[in-house]
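Chains, contacts and geometry: an overview
Here's the letter readout for the chains.
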Amino acid sequence: HGPTHLSPSVLVHTLSSMSPVAAHRASPAMWSPQPPPPRLQLRRPAGTPLHSSRRLSRIAASQEDPLTALTRVLWGRALPPSQLVLAVRHGWTSAWRLLMRQLAPSDPATGAFTRTPSRFPAVAQPAPGPGARLHLYVGLPCPWAHRALLVRALLGLGPRLPVSVAVPGDDGAWSFTPESPDALYGSRRLRDVYAARRGGFEGRASVPMLWDADRREVVCNESIEIAKFLCTLADDGALDLWPPEHRQEIDRWYGVIYPSVNNGVYRCGFAQSQAAYDAAAAELFDALDMLEGHLSGSRYLCAGAGVTLADVCLFTTLIRFDLVYNPLFRCSRRKLVEYPSLHAYMREIYQLPAAAETCDMAAIADGYFGTLFPLNPGGILPVVPASCSREALMKPHGREALPSAAAAAADGRQLGAAASIVG
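Conventions used here
Residues numbered from 1 in each chain as written. Predicted model: local features only at pLDDT ≥ 70, side-chain atom pairs only at ≥ 80, totals over all residues. Heavy atoms only, no water. Helix = DSSP H or I, 4+ residues; strand = E, 2+ residues; numbered from the N terminus. Buried < 20%, exposed > 50% of the residue type's maximum accessible area, 1.4 Å probe, protein only. Areas by Shrake-Rupley, 256 points an atom, 1.4 Å probe, with all protein chains shown as cover. Phe/Tyr/Trp six-rings, centres within 6.5 Å; stacked < 30°, edge-to-face > 60°. Axes fitted to C-alpha atoms, helices over the stretch in contact; angles between N-to-C directions. Parallel < 35°, antiparallel > 145°, perpendicular 65-115°, else oblique. Left-handed = near helix turned anticlockwise from the far one by under 90°. Contact = heavy atoms within 4.5 Å. Nonpolar A, V, L, I, M, F, W, Y, C, P; charged D, E, K, R; others polar. Pairing = 2+ DSSP bridges. Core = buried A, V, L, I, M, F, W, Y, C linked by side-chain atoms within 4.5 Å. Domains from an automatic or database assignment. Polar contact = N/O pair within 3.5 Å; in protein donor to acceptor, adjacent residues only side chain to side chain. Salt bridge = Lys/Arg side-chain N within 4 Å of Asp/Glu carboxyl O.

If you check an unreviewed UniProt entry, the protein appears there as GST C-terminal domain-containing protein from Aegilops tauschii subsp. strangulata.

Right, here's the structure in full:
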């Protein structure tokens, strides 16, 4: 009979009387089914779950981009760990402050944006004569360059003043492309033109820049001074944007428009503290409210005058307001289209002969949203608002019935109110 018929007590007595070797041979394990041999497995790092290896294989075979694949491996479809979120937030904030301090210098004490002065703020003396070979360098997104380009167009200076249009490069510097070349020297960057002057150049290569090709010298790179100088080149009978009898008034209006509106939108967009932003936004919209009231009863800014440089300088900010400054620079209390008089005033200037051709809305949007990386790191371009389309801007403005300006006394009151805004 087989051993399986033995009782447990007999079996134990039998095993205890055997030698160790015999007991091992006769142990119950000899009748138990033997386990299969271990399966051959590829070695992997200790602690790595097998399901992660399978996930890696699936991702490698998928069409996902590497960054998405990496996040799937690290935490699947869950949100990133809080420690990672905090670390990235701290790193991005530090990098943002570093970039902004270089690109948009601010007051260290307040975080308020402080604009860097132009390197060539006044027209070089002796001023170029009537026969000088002048060349204008501009960039279509830039409102300061737009001033010079608009004055050139309104005064009909195109045949006498050639222009080269620079575009923002990947690093933000003004550059030239085969589609938009330097028509004078064929330079790759605007900095190369600046550097061609006698004595070389260090600093920011900004637009607009008026260049004297005969002397190989920068005439000026301050927009308002370039605009005034271009007015002296106009033919008799051309539009007078800088009439002698209104120059003081134009300067007074400019003393309001520049700090509160032209530079005011940049003070909002480039503010590096909440207090600096709040102060800039309040001043900006106080100025716009004042201008809305003034232009509701006056066709243009200056008393007894038509379009002047004051209007040109205000226009180049207004045309960008709803497209760029409202969404990107956080000038968000109101859109320009919500100011009936200001918006109609802007449309009237847009409809002046040759003015619309200086306004490239696609280039403006790309220049701001595509280039100002610290403000729009994703580089996504928004849809152009309907109010900024050419069709909307060409709608009748209905301002023909307004006087060229309000009475001088009323205008003085407006300028007095404006002066209180800026200081």
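Our focus in this paragraph is the overall build of the protein. Within the protein, the regular secondary structure consists of 16 helices and five strands. Relative to its full complement of 423 residues, the protein shows a buried share of 42%. For the protein, the accessible surface area stands at approximately 22700 Å², while carbon and sulfur atoms represent 59% of it.

Let's shift gears to the packing of aromatic side chains. Pairs of aromatic rings are described using the distance from one ring centre to the other and the angle between the two planes. Within the structure shown, the criterion is met by 17 aromatic pairs. Ring geometry for Tyr-266 against Phe-270: centres 5.6 Å apart, planes inclined by 65°, an arrangement best described as edge-to-face. Each of the two residues, Tyr-266 as well as Phe-270, counts as buried. A ring pair is formed by Phe-285 and Phe-321, whose centres lie 6.2 Å apart and whose planes are at 85°; its orientation type is edge-to-face.

A cis geometry characterises the amide bond from Gln-125 onward to Pro-126, with omega recorded as 0°. Here Pro-126 is to be found in the loop between helix 5 (82-103) and strand 1 (134-139). Along the chain, Val-207 connects to Pro-208 via a cis peptide bond; the corresponding omega equals 0°. Summarising the element assignment, Pro-208 is placed in the loop between helix 7 (190-195) and strand 4 (209-212). Although it is not a glycine, Arg-216 adopts a positive phi angle of roughly 50°. Its identity as a non-glycine residue notwithstanding, Ala-354 has a phi of 75°, on the positive side.

Attention now moves to the packing of helix 6 (residues 143-154) against helix 12 (residues 309-325). It is the contact of helix 6 with helix 12, at a shortest axis distance of 9 Å, that shows an interaxial angle of 125°. One element, helix 6, and the other, helix 12, form an angle in the oblique class. With respect to the hand of their crossing, helix 6 and helix 12 are arranged in right-handed fashion. Residue-level contacts link Pro-143, His-146, Arg-147, Leu-150, Val-151 and Leu-154 of helix 6 to Leu-309, Val-312, Cys-313, Phe-315, Thr-316, Ile-319, Arg-320 and Tyr-325 of helix 12. Of the residues assigned to the contact of helix 6 with helix 12, the class counts are 10 nonpolar, two polar and two charged.

On strand 4, burial covers both faces: Met-209 and Trp-211 on one face and Leu-210 and Asp-212 on the other are all buried. Pairing of strand 1 with strand 4 involves four bridges; the strand directions are antiparallel. Pairing of Leu-134 across the sheet is with Asp-212, part of strand 4. Between strand 4 and strand 5 (residues 217-220), which pair antiparallel and follow one another directly, the connecting turn spans four residues, one of which, Arg-216, has a positive phi of 50°.

Moving on, we come to the nonpolar core. Within the largest apolar cluster, 104 residues are counted, with the highest numbers of intra-cluster contacts made by Leu-190, Leu-288 and Phe-329. There are two domains that each give this core at least three residues, and those are domain 1 (134-232) and domain 2 (244-409). Beyond its immediate chain neighbours, meaning those up to four positions away, Leu-190 contacts Tyr-137, Trp-174, Ser-175, Phe-176, Ala-205, Ser-206, Val-207 and Met-209.

This part takes up the environment of Asp-289. Here Asp-289 shows up in helix 11 (residues 274-295). The exposure class assigned to Asp-289 is partly exposed, which follows from its relative accessible area of 35%. Between the C-alpha atom of Asp-289 and that of Tyr-339, which follows or precedes it by 50 residues, the distance is 8.3 Å. Each residue touching Asp-289, except ones within four places of it in the same chain, is listed here: Arg-333, Arg-334 and Tyr-339. Looking at Asp-289, its side chain comes within polar contact range of the side chain of Tyr-339, at 3.0 Å.

Quick look at the pattern of salt bridges now. As enumerated under the stated definition, the model contains 11 salt bridges in all. One salt bridge in this structure joins Arg-215 and Asp-212, with 2.9 Å as the shortest N-O distance. On the basis of relative accessibility, which here comes to 3%, the residue Asp-212 falls in the buried class. For the salt bridge of Glu-225 with Lys-228, the shortest nitrogen-to-oxygen distance reads 3.9 Å. Of this pair, Glu-225 and Lys-228 both sit in helix 8 (residues 223-231), three residues apart, which is roughly one turn of the helix. According to the relative accessible area criterion, Glu-225 is partly exposed, its value standing at 28%. A relative accessible area of 17% places Lys-228 in the buried class.

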